[in-house]
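Structural features, examined
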Amino acid sequence: MGSSVLIIVVSLWLMVHAFAGNFYNDFDITWGDGRAKILNNGDLLTLSLDKASGSGFQSKNEYLFGKIDMQLKLVPDNSAGTVTAYYLSSKGSTWDEIDFEFLGNLSGDPYILHTNVFSQGKGNREQQFYLWFDPTADFHTYSIIWNPQRIIFSVDETPIREFKNEESLGVPFPKSQPMRIYSSLWNADDWATRGGLVKTDWSNAPFTASYMNFNADSACVWSSSTSSSSCASATSAPNPWLSEELDTISQGRLNWVRNNYMIYDYCKDSKRFPQGLPPECSVAK
């Protein structure tokens, strides 16, 4: 390898690792009795599930708005009955929450990516998608942009969902409660796969999901001692995501996902809402 090529490779490696978090520094393993592991000097985290227990972790920091990226590689082969959840959530009876949940399936059948938004303890805003790749074969980046105007869910920088602030319509929006990042791998074979018809095959256990390249460098870290965020500081760097919205190209990619890979949208489920669809569903998407 020539010296110039080597310099480029090393520079790219340094760039990736400069922006990637370290799991030892950023997260606490919260349950699982050793089934969750931090490996490779903090560059890799794995969660495992067997018949006795699943496992999970949470971020050390709380955030109030931010752009948050995580690379995941999901449980391979027969993952039916398992759920890998990756989400933001606050505490209390009127909690806020922004969800990615990956519903396992039989070998050869696609995973279902389940998304939801809770505000003031109320959810029921599910959208579900198939993915346009095998999420078990390699790592892919799952991102949340959360600002005062909207929440954007993205996969490998392709937006799949936008939830706008429609408080003018009486729709609560998560904007005042700081949230931690959580992830867990658990057994949900009472509902996860075909409504609970397909059960977990424990002969395939342990099931393992893997995580790397967490990045929340530009997110607003909340301080409970001062009741303020790092973005409120006069010395904090400007954050373009704080006012980010979908441009024409991104809107086109979102529409491509909706037209080809969306399999459930609560705004189209009139049977579920006999008194009328939620008010945000009346706004043009």
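Treat the numbers as computed from the prediction; the structure is a model and nothing was measured.

Comments concerning the overall build of the chain
Each helix and strand in the chain was counted, giving three helices and 18 strands. For 285 residues, the compact-globule formula gives about 19 Å, and the C-alpha radius of gyration of the chain, at 19 Å, lands near that figure. By its C-alpha atoms, the chain is 65 × 55 × 40 Å across when sized along the principal axes. Counting over 285 residues, the chain shows a buried share of 49%. A sequence separation of at least 24 residues applies to 65% of the contacts in the chain between residues at least 6 apart. Carbon and sulfur atoms make up 52% of the accessible area of the chain, which totals about 13,800 Å². Here the chain contributes 22 positively and 31 negatively charged side chains, and the mean placements of these two sets differ by 5 Å.

A short note on the confidence of the model for the chain
The predicted coordinates of low-pLDDT regions are not to be read in fine detail. Looking at the chain as a whole, its pLDDT mean stands at 91, while 91% of the residues score no less than 70. Below a pLDDT of 50 lies the segment residues 5-19, which in the model reaches eight contacts outside its immediate sequence neighbourhood of four places, other chains included.

With respect to the sheet that holds strand E13 (residues 158-164)
On the basis of which strands lie adjacent, the open sheet formed by seven strands has the order E2-E3-E15-E6-E11-E12-E13 and antiparallel pairing. Among the strands making up the open sheet, the edge pair consists of strand E2 (37-39) and E13. Averaged over neighbouring strand pairs, the angle between their axes works out to 20° when direction is ignored. When strand E12 (residues 150-155) meets E13, the two strands line up antiparallel, connected through six bridges. Looking at E13, one finds that Arg150 is bridged to Lys164.

So, the UniProt feature "glycosylation site" (unreviewed entry) in the chain
Per the UniProt record, "glycosylation site" (unreviewed entry) is annotated on Asn105. Of note, Asn105 is situated in the loop between strand E8 (97-103) and strand E9 (112-118). Ignoring any residue separated from it by four or fewer positions in sequence, one finds Asn105 in contact with Asp77, Asn78, Ser79, Ala80, Pro110 and Thr193.

Looking at the sheet that holds strand E10 (residues 127-129)
Ordered in space as E1-E4-E14-E7-E8-E9-E10-E18, the eight strands form an open sheet in which the pairing is antiparallel. Every interior strand has two partners, whereas the edge strands, strand E1 (27-31) and strand E18 (262-265), have only one. In this sheet, adjacent strand axes meet at a mean angle of 15° when their direction is disregarded. When E9 meets E10, the two strands line up antiparallel, connected through three bridges. Of the residues in E10, the one forming a bridge with Thr115 is Gln127. Helix H3 (residues 248-260) contacts E10 and E18 of the sheet and is inclined by roughly 90° relative to E18.

Thresholds, definitions, all that
- Residues numbered from 1 in each chain as written.
- Predicted model: local features only at pLDDT ≥ 70, side-chain atom pairs only at ≥ 80, totals over all residues.
- Heavy atoms only, no water.
- Helix = DSSP H or I, 4+ residues; strand = E, 2+ residues; numbered from the N terminus.
- Rg over C-alpha atoms; globule rule 2.2 N^0.38 Å.
- Buried < 20%, exposed > 50% of the residue type's maximum accessible area, 1.4 Å probe, protein only.
- Contact = heavy atoms within 4.5 Å.
- Areas by Shrake-Rupley, 256 points an atom, 1.4 Å probe, with all protein chains shown as cover.
- Lys, Arg positive; Asp, Glu negative; His and termini not counted.
- Charge placed at Lys NZ, Arg CZ, Asp CG, Glu CD.
- pLDDT = per-residue confidence, 0-100.
- Pairing = 2+ DSSP bridges.
- Axes fitted to C-alpha atoms, helices over the stretch in contact; angles between N-to-C directions.
- UniProt positions renumbered as here; feature names shortened; annotations may be inferred.

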